[in-house]
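# Working through the structure, step by step
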Amino acid sequence: MRKLLLTISLALLLPQLAGAWTPRFSYGLEWGYTGTFLKTAQHNFICNEGYRIIENPTVLRYFSNGLVMAGAGADLGNNLNLSVYSGVQGIYSERLAIPLEMRVKWCPGGLHADGLLLMAGGGLSFPVKYPRETGFIAQAGGGYRIVLNRTMSVDLTARWNFTLDHENIIDPDTRRTVPRSLISSNTAEYQAVNLSIALNF
Amino acid sequence: MRHLLLKLLAFGLISALTVNAGAQEAGFYNSPKGFGAQLRMPVSDGVSHCATAMVDIYGIPTSRCSSPGLRFNFSRMYEFSRIETPEVVYSFHAGPGISAGYVRDHVKGRGFDLTSLISENPGFMLALSGDIGCRFDFGGRISLNLSFLADIGFHVRRDEAGNSRAANLSVYNNGLIQTFYPQLTFLYRLK
């Protein structure tokens, strides 16, 4: 117990002793366009007739979606920002999800200067429709940061989006949804390109 | 694809025309109503003209339709108040304008009327508009403008039941329903 208290006190005191670094909190709003171009899926289930179906369809079809997100985080030093974002994101045709994402932004020229911006993020997505199994999202890309004033900036970014989701598997004979108890595996991966505009303050 | 090309052509033509007319700022228009381009031309101190061309996304997020509409607006804006701080200059403006376009409209259903809710009703819209907003000037080349716009006009479209060649004429409902949809424009100073 004494050790724990000592550790907590040190953790709280060290930044004060160091003096130089205190995190600056940041907030962001982001909206953009997502163009999904590739879907790959893995289905393994028992159909109505009683036999097992294993299929791995690859669908090359373009779908337009959008995203609106809000986030909060902190500037870690002069070049790095770490934030948590959430909002609404379209994944595929009539498939919406609420993402919860950790995002790292790196500005080589400084967070508070015009210039190149590189970013990467990853997290969970919670679909709003059946099947509601939690998915996974990842993204990486870059863009340009325009500083408006001491506290506000605009980010214009282009990035690649990867989403791991689950599908509503339809039985080929009955055209009905296959019950979860008859499904061994059900995953779908989506590849997309995203163009976004973000306001940071 | 043909629709997209036509829209790009329209955007290009309007941009070229207005830049020649002395546009001072070009902007990227963002709103739940749609996305587009904006040009601003100062007339005299405190008065400016603003031209917006946008794709109207009404019905797309709800999967009601897949192709967007196209809408134009031209407004005259009067600055009525100005607050200056060391960081930002806030200038409040309001003014009348005119809107036109080829868009879908909200159809009021009678109870749970699926036909009205999912009907494809693109048509021509012409309206008088009123705009009120605030411009945030940070001293750099980029400034922001947040505004609200109401359109009072009419919408002409083909008969939805499809059983006659007559046109339907009604009040442009979205012009009033979407009044409180915020419009945020990122303005870039050209000169």
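Reading the values: the criteria
- In this convention, every chain numbers its residues from 1, walking through the sequence in written order.
- Here every chain gets a letter starting at A, and every ligand a number starting at 1, in the order they are written.
- Only residues with pLDDT of at least 70 get local features here, since the model is predicted, and only at 80 or more are side-chain atom pairs given and counted; chain-wide, interface and lining totals rely on the full set of residues.
- Excluded from the side-chain calculations are hydrogens and water; all other atoms, namely the structure's heavy atoms, are used.
- To qualify as a helix, a DSSP run of H or I must reach at least 4 residues; to qualify as a strand, a run of E must reach at least 2; elements of each kind are numbered from the N terminus.
- A pair of cysteine sulfur atoms is labelled a disulfide when the two atoms are within 2.5 Å.
- Each residue's exposure class comes from its accessible area (1.4 Å probe, protein chains only) as a fraction of the maximum for that residue type: buried when under 20%, exposed when over 50%, partly exposed otherwise.
- For this analysis, a nonpolar core means a set of buried residues of the types Ala, Val, Leu, Ile, Met, Phe, Trp, Tyr and Cys, connected via side-chain atoms within 4.5 Å.
- At least two DSSP bridges between two strands are required for those strands to pair.
- Of the grid points, spaced at 1 Å and generated over the protein atoms alone, those admitting a 1.4 Å probe that cannot get out make up cavities, while open sets with protein on both sides within 12 Å along at least five of seven lines make up pockets; any residue with an atom within 4 Å of a point is treated as lining.
- Grid points are joined across faces, edges and corners, and a volume is the space filled by probe spheres set on the points.
- Any residue that is not Ala, Val, Leu, Ile, Met, Phe, Trp, Tyr, Cys, Pro, Asp, Glu, Lys or Arg is counted as polar, Gly included; the first ten are nonpolar and the last four charged.
- In what follows, residue pairs with any heavy atoms lying within 4.5 Å of each other are defined as contacts.
- Any pair of nitrogen or oxygen atoms within 3.5 Å is treated as a polar contact; in protein, a donor-acceptor pairing is required on top of that, and neighbouring residues in sequence qualify only through side-chain atoms on both sides.
- Think of it this way: Lys and Arg go in the positive column, Asp and Glu in the negative one, and His and the chain ends go nowhere.
- Throughout this description, the term salt bridge denotes a Lys or Arg side-chain nitrogen within 4 Å of a carboxyl oxygen of Asp or Glu.
- We call Phe, Tyr and Trp rings a pair once their centres come within 6.5 Å, taking the six-membered ring for Trp, and we label the pair stacked below 30 degrees between planes, edge-to-face above 60, and tilted otherwise.
- Ring-over charges, as used throughout, are those where CZ of Arg or NZ of Lys falls within 6 Å of the ring centre and within 35 degrees of the ring normal.

## Section: unusual backbone geometry
All names here are of chain A. Cis geometry is adopted by the peptide bond preceding Pro131, which originates at Tyr130 and carries an omega value of -5°. Positionally, Pro131 belongs in the loop between strand E7 (115-127) and strand E8 (135-147). Of note in the backbone geometry, Glu94 takes a positive phi value of approximately 50° without being a glycine. Looking at the secondary structure, you find Glu94 in the loop between strand E5 (80-92) and strand E6 (95-106). With phi around 60°, Arg175 is a residue other than glycine that occupies positive phi space. Structurally, the position occupied by Arg175 is in the loop between strand E9 (153-165) and strand E10 (183-200).

## Observations concerning the state of the cysteines
All names here are of chain B. Applying the stated rule across the entire model yields zero disulfides over all chains. You can see Cys50 has no disulfide; the closest cysteine sulfur is in Cys134, sitting 14 Å from it. The class for Cys50 is buried, based on a relative accessible area of 4%.

## Some points on the nonpolar core
Residues Leu148, Met152, Val154 and Leu199 of chain A together with Phe138, Leu144 and Phe186 of chain B are the most contacted members of the largest nonpolar core, which totals 13 residues. Going through the elements one at a time, E10 of chain A together with strand E7 (142-158) and strand E9 (183-189) of chain B are the ones with two or more residues in this core.

## Quick look at the pairing of strand E1 (residues 25-31) of chain B
Residue and element names in this part refer to chain B. Extensive coverage of E1 is indicated by the burial of five of its seven residues. Note: E1 against E9, six bridges, orientation antiparallel. Its bridge partner lying in E9, Gly27 is registered against Leu187. From the end of E1 to the start of strand E2 (residues 34-44), which pair antiparallel, there are two residues.

## Observations concerning the layout of surface pockets
The gaps of empty space that remain are located by a probe, the size of a water molecule, rolled over the atoms. Residue and element names in this part refer to chain B. The calculated volume of the second largest pocket comes to roughly 450 Å³. As for the second largest pocket, its lining consists of 21 residues, and the residues nearest its centre are Ser48, Glu79, Arg82, Ser91 and Arg135. Those elements that place two or more of their residues in the lining of the second largest pocket are E2, strand E3 (47-56), strand E4 (69-84), strand E5 (89-103) and strand E6 (123-137). Residues that form the lining of the second largest pocket fall into these classes: seven nonpolar, six polar and eight charged.

## Brief notes about the environment of Ile98 of chain B
All names here are of chain B. Topologically, Ile98 is positioned in strand E5. When its relative accessible area of 44% is taken as the criterion, Ile98 is described as partly exposed. The spatial distance from the C-alpha of Ile98 to the C-alpha of Pro86 is 35 Å, given a sequence separation of 12 residues. Residues in contact with Ile98, not counting those within four places in the same chain, are Phe72, Asn73, Phe74, Ala127 and Ser129.

## Here's the deal with the side chain of Arg157 of chain B
Residue and element names in this part refer to chain B. By secondary structure assignment, the location of Arg157 is in strand E7. Residue classification places Arg157 among the buried residues on the basis of a relative accessible area of 11%. Here the side chain of Arg157 touches His155 through a polar contact of 3.0 Å, side chain to side chain. In this structure the side chain of Arg157 is engaged in a polar contact, spanning 3.1 Å, whose partner is the side chain of Ser170. Those residues in contact with Arg157 that sit more than four places away from it in its chain are Asn121, Pro122, Gly123, Ala167, Asn168 and Ser170.

## Digging into the side chain of Asp131 of chain B
Residue and element names in this part refer to chain B. Within the secondary structure, Asp131 sits in strand E6. Buried and unpaired, Asp131 has Arg40 as its nearest opposite-charge partner, separated by 6.2 Å. Setting aside residues no more than four positions away along its own chain, Asp131 makes contact with Ser75, Met77, His93, Ala94, Gly95, Ser147, Phe148, Leu149 and Gln183.

## Let's talk about the pairing of E9 of chain A
Residue and element names in this part refer to chain A. As paired elements, E8 and E9 share 12 bridges and run antiparallel to each other. Note that in E9 the partner of Phe136 across the bridge is Leu164. Two successive antiparallel strands, E8 and E9, enclose a turn made up of five residues. The sheet contact formed by E9 and E10 spans 13 bridges and is antiparallel. Within the sheet, the bridge partner assigned to Leu156 lies in E10 and is Ile197.

## Regarding the packing of aromatic side chains
Residues and elements named next belong to chain A. Taken as a whole and judged by the stated rule, the model has seven aromatic pairs over all chains. Relative to Tyr190, the ring of Tyr92 has its centre 4.9 Å away and its plane inclined at 35°; by these criteria the two rings are tilted. Placement of the pair is Tyr92 in strand E5 and Tyr190 in strand E10, with a sequence separation of 98 residues. Each of the two residues, Tyr92 as well as Tyr190, counts as buried. Among the aromatic residues, those joined into a cluster by ring pairs are Phe63, Tyr92 and Tyr190. Taking NZ or CZ as reference, Arg103 lies 4.1 Å from the ring centre of Tyr85, over its face.

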